[in-house]
Amino acid sequence: MDGLVLKGVSKSFGGVRAVDPTNLEFAKGELTALLGPSGCGKTTLLRMIAGLEDPTRGNILLDGADITALPAHKRKFGMVFQSFALFPHYSVRENVAYSLTIGGMSKSDAYAKAETLLDTVQLGGFGDRRIGELSGGQRQRVAIARALAQEPDVFLLDEPMSALDAKLREEMQVELRLLQQRLGITTIVVTHDQREAMTMADQIVVMSNGRVEQIAKPQEVYHKPANAFVADFIGKANFFDGVFADGGVQIGTLQLQTQAPFRSGSAVKVAIRPERAEIDDRPGENRIDAKVMFVRDLGPLREYHLETAIGPIIVEYAVGETGPSLATGDTTTVRLPPDALQVFPRGEAA
Ligand code: ATP
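Here the residue numbers are simple positions, counted from 1 along each chain's written sequence. Totals for whole chains, interfaces and linings use all residues, but because this is a predicted model, local features are given only for residues with pLDDT of at least 70 and pairs of side-chain atoms are given and counted only at 80 or more. Excluding hydrogens and water, the side-chain values take into account all heavy atoms of the structure.

### A few points about the pairing of strand β19 (residues 331–335)
A large share of β19 lies buried, amounting to four of its five residues. Summarising the sheet, strand β15 (residues 278–279) and β19 pair through two bridges and their orientation is antiparallel. Paired with Glu 278 across the bridge in β19 is Arg 335. Exposed residues in this analysis have more than 50% of their type's maximum accessible area, buried residues have under 20%, and partly exposed residues fall in between, with area computed by a 1.4 Å probe over protein chains only. A helix here means a DSSP run of H or I that spans at least four residues, while a strand means a run of E at least two residues long, and both kinds are numbered starting from the N terminus. Pairing between two strands requires that DSSP report at least two bridges joining them.

### Quick notes on the packing of aromatic side chains
Under the pairing criterion, centres of Phe, Tyr and Trp rings, with the six-membered ring standing for Trp, must be within 6.5 Å; the plane angle then separates stacked pairs below 30 degrees from edge-to-face pairs above 60, leaving the rest tilted. Tallied over the full model, the rule gives six aromatic pairs. Pairing Phe 229 with Phe 233 gives two aromatic rings, centres 5.7 Å apart and planes at 10°, and the pair type is stacked. One end of the pair is Phe 229 and the other is Phe 233, both in helix α8 (residues 228–233) and four residues apart, which spans about a single turn. Assessed through its relative accessible area of 16%, Phe 229 is described here as buried.

### A look at the pattern of salt bridges
If charged atoms from side chains of opposite charge come close, those side chains can pair. The working definition used for a salt bridge is a side-chain nitrogen of Lys or Arg within 4 Å of a carboxyl oxygen of Asp or Glu. Overall, the coordinates contain 22 salt bridges when judged by the stated rule. Between Lys 113 and Glu 151 there is a salt bridge, with its nearest N and O atoms 2.7 Å apart. Here Lys 113 is found in helix α3 (residues 107–120), whereas its partner Glu 151 is found in the loop between α4 (136–148) and β7 (154–158), with 38 residues between them in sequence. In this structure, the salt-bridge partner of Arg 276 is Asp 339, at a minimum N-O distance of 3.6 Å. Within this pair, whereas Arg 276 is found in the loop between β14 (267–272) and β15, its partner Asp 339 is found in the loop between β19 and β20 (342–345), the two being separated by 63 residues in sequence. Each member of the salt-bridge network shares a partner with another, and the members are Lys 236, Arg 296, Glu 303 and Glu 316.

### Re the pairing of strand β12 (residues 248–251)
Where strand β11 (residues 238–245) and β12 come together, three bridges link them in antiparallel fashion. What sits directly across from Ala 245, in β12, is Gly 248. Where β11 folds back on β12, the antiparallel hairpin that results is connected by two residues, among which Asp 246 adopts a positive phi of roughly 50°.

### Quick notes on the packing of α4 against helix α5 (residues 166–183)
Orientation is described by axes fitted as lines to C-alpha atoms, over the contacting stretch for helices, and by angles from 0 to 180 degrees between their N-to-C directions. Following both chains from N to C, one finds α4 and α5 inclined at 20°, their axes separated by 11 Å at the closest point. With respect to α5, the element α4 is oriented roughly parallel. Considering only the axes of α4 and α5, their crossing is right-handed. Contact residues: Gly 136, Gly 137, Gln 140, Arg 141, Ile 144 and Leu 148 in α4; Leu 168, Met 172, Glu 175, Leu 176, Leu 179 and Leu 183 in α5. Tallied by class, the residues present in the contact of α4 with α5 amount to seven nonpolar, three polar and two charged. Note that the term roughly parallel is reserved for angles under 35 degrees, roughly antiparallel for angles over 145, roughly perpendicular for angles of 65 to 115, and oblique for everything else. Here a crossing is called left-handed whenever its near helix is offset anticlockwise from the far helix by less than a right angle, and right-handed whenever the offset is clockwise. It only takes one pair of heavy atoms within 4.5 Å for two residues to be counted as in contact. Residues are grouped as follows: nonpolar covers Ala, Val, Leu, Ile, Met, Phe, Trp, Tyr, Cys and Pro; charged covers Asp, Glu, Lys and Arg; every other residue, Gly included, is treated as polar.

### Remarks on the domain arrangement of the chain
When its domains are assigned, the chain resolves into domain 1 (4–229) and domain 2 (236–274 + 285–345). Those domain boundaries reflect an automatic or database domain assignment. Inter-centroid distance (C-alpha atoms) of domain 1 to domain 2 is 39 Å. Taken residue by residue, the interface counts seven residues in domain 1 and five residues in domain 2. Buried surface at the junction of domain 1 and domain 2, summed over both partners, amounts to about 480 Å²; 57% is from carbon and sulfur atoms. Summed over both partners, the accessible surface that disappears when two parts come together, traced with a 1.4 Å probe, is what is meant by buried area. The largest contributions to the domain 1 side of the interface with domain 2 come from Tyr 222, Pro 225 and Ala 228, which together make up 80% of the buried area.

### Re the sheet that holds strand β17 (residues 301–308)
Read from one edge to the other, the open sheet built from five strands follows the order β15-β19-β16-β17-β18, with strand pairing classed as antiparallel. The strands lining the two open edges of the sheet, one partner per strand, are β15 and β18 (311–318). Taken together, the eight bridges between β17 and β18 define a ladder with antiparallel strand orientation. Across the sheet, Leu 301 pairs through a bridge with Ala 318, a residue of β18.

### Quick word on the layout of surface pockets
Taking a probe equal in size to a water molecule and rolling it over the atoms shows the remaining empty space. Method remark: on a 1 Å grid restricted to protein atoms, a set of points is classed as a cavity if a 1.4 Å probe fits but cannot get out and as a pocket if it is open with protein on both sides within 12 Å along at least five of seven lines; lining residues have an atom within 4 Å of a point. Grid points are joined across faces, edges and corners, and a volume is the space filled by probe spheres set on the points. Considered as a void within the structure, the largest pocket measures approximately 550 Å³ in volume. Together, 20 residues line the largest pocket, and Phe 77, Gly 78, Met 79, Ser 99 and Gln 150 are the ones closest to its centre. The greatest single-element share of the lining of the largest pocket, amounting to four residues, is contributed by helix α2 (residues 92–102). Across the lining of the largest pocket, the residue classes tally to 12 nonpolar, five polar and three charged.

Structure (structure tokens):
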């Protein structure tokens, strides 16, 4: 296959298993996000791909060729780190041209190429500035230009936005995604931020405890999570523990109709996104008496925090949507539509 392939790649540090045996494919020209909570092994996986860490087992292939034993400096991979790792006393131009002159290119050619790259990342005219004279977002663009200088086969970014404030981070996610698509470069981004992964990625790899939990497109990870961990980690969800019985899920004295078939008597976990639950006083299936404990107005969204016999439920309405008008202390009915309920075997963390 064209692109990058991991075959059974694992890593242990002494007795600590950081990454379980993992098979992954990174298609040429696509952007993959490695997403998961702190300590799940995403940086270790990225460092193995970069050649900065040897896999304990397994093979890494690029366009069909085995590169497992190839040292980092011989892989044409560009890297951007969390800290950017720029030379503070060099100019912007010198930072970008550095790896080119080290690689033997003449200074004038390297500087000319650096100028083109600075134009690419919208920093034309900034070549003479020192790094200390730049904003966080501008420094990040320099780090990207520097990583692109070698015309890398694969572009690797480890938490590239984490030093930026929230607003700039969102702008840079869009900018970086557009640049990556324009250049058509195979890219892997490590992040613990699900919005960042959803914004940028063609493919999301969700990890926990050194294990890949799901590999899918962003919309699929959100709407069809593979298990309760993914449902909980990506977006928000209401969860209930129950037992599958009579074609539905028994939760205490309540029988919920669902569309997922399970073996009768199986312990299951039911999840529903807050925007899929409804406040609906008409009689019918999957309706539960509820009391409004708190109303949270978030500008574009309004959340109702409800107390019910099966536990707390959050229902979310977008402003402009026809929603109810309730206040703390009101009583109402919440409906959990069967097609909106995701049912997972219990025993999985959530
Ligand atoms: P974060 O988002 O916090 O950076 P991560 O998902 O990138 O986390 P890793 O840094 O890959 O996680 O770490 C995975 C596991 O491997 C952790 O339990 C970590 O403590 C362990 N680990 C990582 N590097 C080493 C090392 N050099 N020696 C021993 N253990 C390590």
